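Now for the letters of each chain:
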Amino acid sequence: MESVSAFQAKTHLSELLKKVQAGEVFVITHRGKPIAKLIPLSDEIEFDPKEGLSTLKKIRASISSKVNIKEFINEGRKW
């Protein structure tokens, strides 16, 4: 995985896109810190909204009796 600065990515975007289309992956940096990853669309992680919702419902059910939302709201108002 190759790193490219944001400036280089902007300047050579069409060239980078051709390489990405061929399967390469790039990390785009800003001032030396990674900020984004440029990957081929086929490598994108598939997300099933129904599965995600089901997982959230399970998490909510497992903690609903242990958490009092009103207490958190009132606590936040103190500050």
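Conventions and cut-offs
- As a convention, each chain's residues are numbered from 1 in the sequence order in which they are written.
- Only residues with pLDDT of 70 or above have their local features reported here, since the model is predicted, and side-chain atom pairs are shown and tallied only from 80 upward, although totals for entire chains, interfaces and linings are computed over all residues.
- In computing side-chain values, all of the structure's heavy atoms are included and hydrogens and water are not.
- UniProt positions are given in the numbering used here, feature names are shortened, and annotations may be inferred rather than shown by experiment.
- A run of H or I in DSSP becomes a helix once it reaches four residues, and a run of E becomes a strand once it reaches two; helices and strands are each numbered from the N terminus.
- Partly exposed residues are those whose accessible area sits between 20% and 50% of the maximum for their type, while under 20% is buried and over 50% is exposed, using a 1.4 Å probe and protein chains only.
- Here, residues are in contact when the closest pair of their heavy atoms is within 4.5 Å.
- Surface accessibility follows the Shrake-Rupley procedure with a 1.4 Å probe radius. Residue values consider only the protein chains on display as shielding.
- Two strands qualify as a pair provided that DSSP identifies no fewer than 2 bridges between them.
- Exposure above 30% relative accessible area and the absence of a salt bridge qualify a residue for a patch, where like charges join within 9 Å and nonpolar side chains (Val, Leu, Ile, Met, Phe, Trp, Tyr) within 5 Å.
- Here, a salt bridge means any Lys or Arg side-chain nitrogen found within 4 Å of an Asp or Glu carboxyl oxygen.

- The chain goes by Antitoxin in an unreviewed UniProt entry, where it is assigned to Leptospira neocaledonica.
- Of the comments in the UniProt record for the chain, the one headed Function (unreviewed entry) reads "Antitoxin component of a type II toxin-antitoxin (TA) system."
- According to UniProt, the comment filed for the chain under the heading Sequence similarities (unreviewed entry) is "Belongs to the phD/YefM antitoxin family."

1. Looking at the overall build of the chain
Reasoning step 1: Scanning the chain from N- to C-terminus turns up four helices and three strands.
Reasoning step 2: In the chain, the succession of α and β elements from N to C terminus is β-α-α-β-β-α-α.
Reasoning step 3: Counting across all 79 residues of the chain, residues that qualify as buried make up 13%.
Reasoning step 4: At a minimum sequence separation of 6, the contacts of the chain that also span at least 24 residues come to 24%.
Reasoning step 5: For the chain, the computed accessible surface area is about 7,300 Å², with 58% contributed by carbon and sulfur atoms.

2. Here we look at the pairing of strand 3 (residues 33–38)
Reasoning step 1: The element strand 3 is largely exposed, with a buried count of zero among its six residues.
Reasoning step 2: The pairing of strand 2 (residues 26–30) with strand 3 spans five bridges and is classified as antiparallel. Bridging from a neighbouring strand, I28 pairs with A36 of strand 3.
Reasoning step 3: Counted between consecutive antiparallel strands, the loop separating strand 2 from strand 3 contains two residues, among which R31 sits at a positive phi close to 55°.

3. Some remarks on a nonpolar patch on the surface
Reasoning step 1: There is a patch of nonpolar side chains on the surface, built from L56, I59 and I63 and spanning about 280 Å² of accessible area.
Reasoning step 2: Following the sequence through the fold, I59 ends up in helix 3 (residues 49–63).

4. Section: the side chain of T29
Reasoning step 1: Note on placement: T29 falls in strand 2.
Reasoning step 2: Residues within four places of T29 in sequence aside, it is in contact with S3, V4, S5, A6, P34 and I35.

5. Considering the pairing of strand 2
Reasoning step 1: Counting buried positions along strand 2 yields four of five residues, so the element is predominantly enclosed.
Reasoning step 2: Alignment of strand 1 (residues 2–5) against strand 2, held across four bridges, turns out to be parallel. Bridged to V4 within strand 2 is I28.

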